[in-house]
Amino acid sequence: MESDRSIESADTINFFISQLLAPALSMNKIYFLIFANLLILCTCKVNALPEFAAQEDTNCLTCHFDPDGGGERNKIGKIYEDNGFTFPEDFSIEQTIEEESVDTKIQFSGNVRNAYIKTTEVKSEDPQQPGCVSCHSGFDSFILMKSELRVHAVISERTSVTIANNLGETLDAYGQLKLYKNQLHVKFGKFELPFAIQHKDHNHLLRSGNNIGSNTRDVGIAMTGYVDDFFFNAAVFNGNRQEFETNQHKGFMATIGGRFSNFRFGISHLVDKPEQVVETLTAPFITANFGRLSIEGEYDVRARSRLRTIDSSGVSVEFKYRWSPNFHLASRYESLNVNSDYTNSSSENRFVITSRYKATSEAQFEVFYWYHFGKPDQVIFMSSFYFGGKGG
């Protein structure tokens with residue numbers, strides 16, 4: 001019996017791997033992907049250091065305005081980044097927070113992001129143009145990706161307001177309230193849902209495929225909290241993940257997780273249309289930091305009617321290496337397998353290689369190489385120019 005179970009388990013694992021890697025690949029591409037990953041991994045000097053928040057024994061709010069992390073960095077976050085993701089000697093977080101709260105009432109920033117998309121195979125029958133939702137293009141093209149103005153105003157010790165506008169449309173607009181010291185925060189308004197691992201890349205396959213990426217927002221209430229090495233968030237929002245349907249009921253999501261040594265892990269669960277066709281999106285995730293090397297992994301399952309119908313499943317694994325404070329490399333494999341016509345997305349697999357160079361504190365250049373399995377490959381050259389200031 002034990003032998004039969006072992007064989008059955010092995011068959012299950014082999015089936016899963018074969019399904020994951022089912023799209024046909026040329027041998028040249030396979031060799032290149034292996035070489036690219038080995039190149040990034042072999043150049044690493046792996047030091048057993050915890051991830052940033054755990055390393056400094058703090059939480060995301062220390063370096064970011066948003067307690068869920070990501071987005072604009074505050075004064076401490078900018079110092080941390082400029083110093084190669086470490087704090088200078090004799091640096092005091094507490095003193096800087098005090099100075100920040102006294103001196104800074106209003107902070108503003110701007111970001112202009114342009115891209116040139118080069119496709120390896122131009123097809124006249126594929127006239128698709130790139131946009132904010134997808135960078136896929138049927139032809140070579142310049143595109144303005146972002147033209148963002150952001151204002152963060154500290155109204156009192158416990159209250160702040162953030163407003164951001166991108167390409168003429170409201171991106172973020174929310175008030176934030178501290179309920180208990182620096183451990184519990186509530187947002188009211190329009191914001192990005194704090195689901196699983198937050199990705200800056202709005203073309204991340206798992207996010208764009210589920211309409212929940214860095215370029216999408218929802219309106220509602222969200223709470224974020226920290227208790228020692230554990231964290232959680234919860235949100236109530238308008239929902240309607242599918243644009244072609246009208247949602248008369250609210251959506252709910254929650255995340256719970258923790259950190260241990262080098263690792264940060266958790267699980268996010270989103271429920272939409274709870275009184276109609278119940279849609280769920282579940283994503284266990286894990287991140288790890290070993291000195292200059294960071295690793296992220298996530299597995300998403302989208303289902304209807306209490307997991308009776310699996311609409312899609314996807315996996316994302318990413319390696320990031322900070323070669324220097326100004327030069328970063330990354331490689332990511334992502335796969336989305338769609339099993340029904342209920343979703344707007346289609347099955348897709350790709351491998352993304354990214355290099356990022358920070359020329360100055362206000363200018364950054366990136367190159368993305370997309371290996372599409374079954375579609376033409378693409379190269380994206382991207383530039384970002386940003387500024388910041390304070391007043392009041």
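As shown above, the structure is provided for reference.
Reading the values: rules and limits
Residues numbered from 1 in each chain as written. Predicted model: local features only at pLDDT ≥ 70, side-chain atom pairs only at ≥ 80, totals over all residues. Heavy atoms only, no water. Buried < 20%, exposed > 50% of the residue type's maximum accessible area, 1.4 Å probe, protein only. Helix = DSSP H or I, 4+ residues; strand = E, 2+ residues; numbered from the N terminus. Pairing = 2+ DSSP bridges. Polar contact = N/O pair within 3.5 Å; in protein donor to acceptor, adjacent residues only side chain to side chain. Contact = heavy atoms within 4.5 Å. Core = buried A, V, L, I, M, F, W, Y, C linked by side-chain atoms within 4.5 Å. Salt bridge = Lys/Arg side-chain N within 4 Å of Asp/Glu carboxyl O.

Novice: Mind showing me how you'd approach the pairing of strand E3 (residues 159-166) here?
Specialist: It is a general feature of regular strands that their side chains alternate between the two faces of the sheet. Only one face of E3 is buried: it carries Ser 160, Thr 162, Ala 164 and Asn 166, and the other face, with Thr 159, Val 161, Ile 163 and Asn 165, is open. Sheet analysis places strand E2 (residues 141-154) next to E3, joined by seven bridges and oriented antiparallel. Residue His 152 lies in a different strand from E3, and its bridge partner there is Thr 162. As paired strands, E3 and strand E4 (residues 169-180) are joined by eight bridges and run antiparallel to one another. Each bridged residue has a counterpart across the sheet, and for Asn 165 the counterpart in E4 is Thr 170.

Novice: Looking at this structure, I do not really get the side chain of Glu 298. What am I missing?
Specialist: With respect to the secondary-structure elements, Glu 298 resides in strand E11 (residues 293-304). Within polar-contact distance, the side chain of Glu 298 engages the side chain of Arg 207 at 2.9 Å. In this structure Glu 298 touches Phe 195, Ala 196, Ile 197, His 199, Leu 206, Arg 207, Ala 283, Pro 284, Phe 285, Gly 314, Val 315 and Ser 316, once residues within four positions along its chain are discounted.

Novice: Please clarify how the nonpolar core should be interpreted in this entry.
Specialist: Most often, soluble globular proteins have nonpolar side chains that are buried together. If you look at the biggest cluster of nonpolar residues, it comprises 17 residues, and the most contacted ones within it are Leu 193, Phe 195, Ile 212, Phe 237, Met 253 and Leu 270. Elements that contribute at least two residues to this core include exactly strand E6 (218-227), strand E7 (230-237) and strand E10 (279-290).

Novice: Please clarify how the environment of Tyr 371 should be interpreted in this entry.
Specialist: With respect to the element layout, Tyr 371 can be found in strand E15 (residues 363-372). With 19 residues separating them along the chain, Tyr 371 and Val 352 place their C-alpha atoms 6.3 Å apart.

Novice: Could you clarify how one ought to interpret the pattern of salt bridges in this entry?
Specialist: What the rule picks out here adds up to 14 salt bridges. Of the charged contacts, one joins Asp 172 and Arg 150 as a salt bridge, the two residues approaching to 2.8 Å between their closest N and O atoms. In this pair, Asp 172 sits in strand E4 while Arg 150 sits in strand E2, placing the two residues 22 residues apart along the sequence. For the residue pair Asp 172 and Arg 150, the accessibility class agrees, reading buried in each case. Where Arg 259 meets Asp 229, a salt bridge forms, and the shortest distance between an N and an O atom there is 3.4 Å.

Novice: Is there a simple way to think about the side chain of Asn 210 in this case?
Specialist: Within the secondary structure layout, Asn 210 lies in the loop between helix H6 (205-209) and E6. Residue classification places Asn 210 among the buried residues on the basis of a relative accessible area of 4%. Here Leu 206 takes part through its backbone oxygen, which lies 2.8 Å from a polar atom of the side chain of Asn 210.

Novice: What's the story with the environment of Pro 284 in this structure? I'm lost.
Specialist: Mapping Pro 284 onto the fold places it in strand E10. Sequence separation between Pro 284 and Gly 266 is 18 residues, and the spatial gap between their C-alpha atoms is 5.9 Å. Each residue touching Pro 284, except ones within four places of it in the same chain, is listed here: Gly 266, Ile 267, Gly 297, Glu 298 and Tyr 299.

Novice: Help me understand unusual backbone geometry in this model?
Specialist: What you tend to see is this: most non-glycine residues have negative phi, and most peptide bonds are trans. Although it is not a glycine, Asn 211 adopts a positive phi angle of roughly 55°. On the secondary structure map, Asn 211 appears in the loop between H6 and E6. Under the relative-accessibility criterion, Asn 211 is labelled partly exposed at 22%. Even without being glycine, Asp 228 reaches a positive phi, approximately 55°. Position of Asp 228 among the secondary structure elements: in the loop between E6 and E7.

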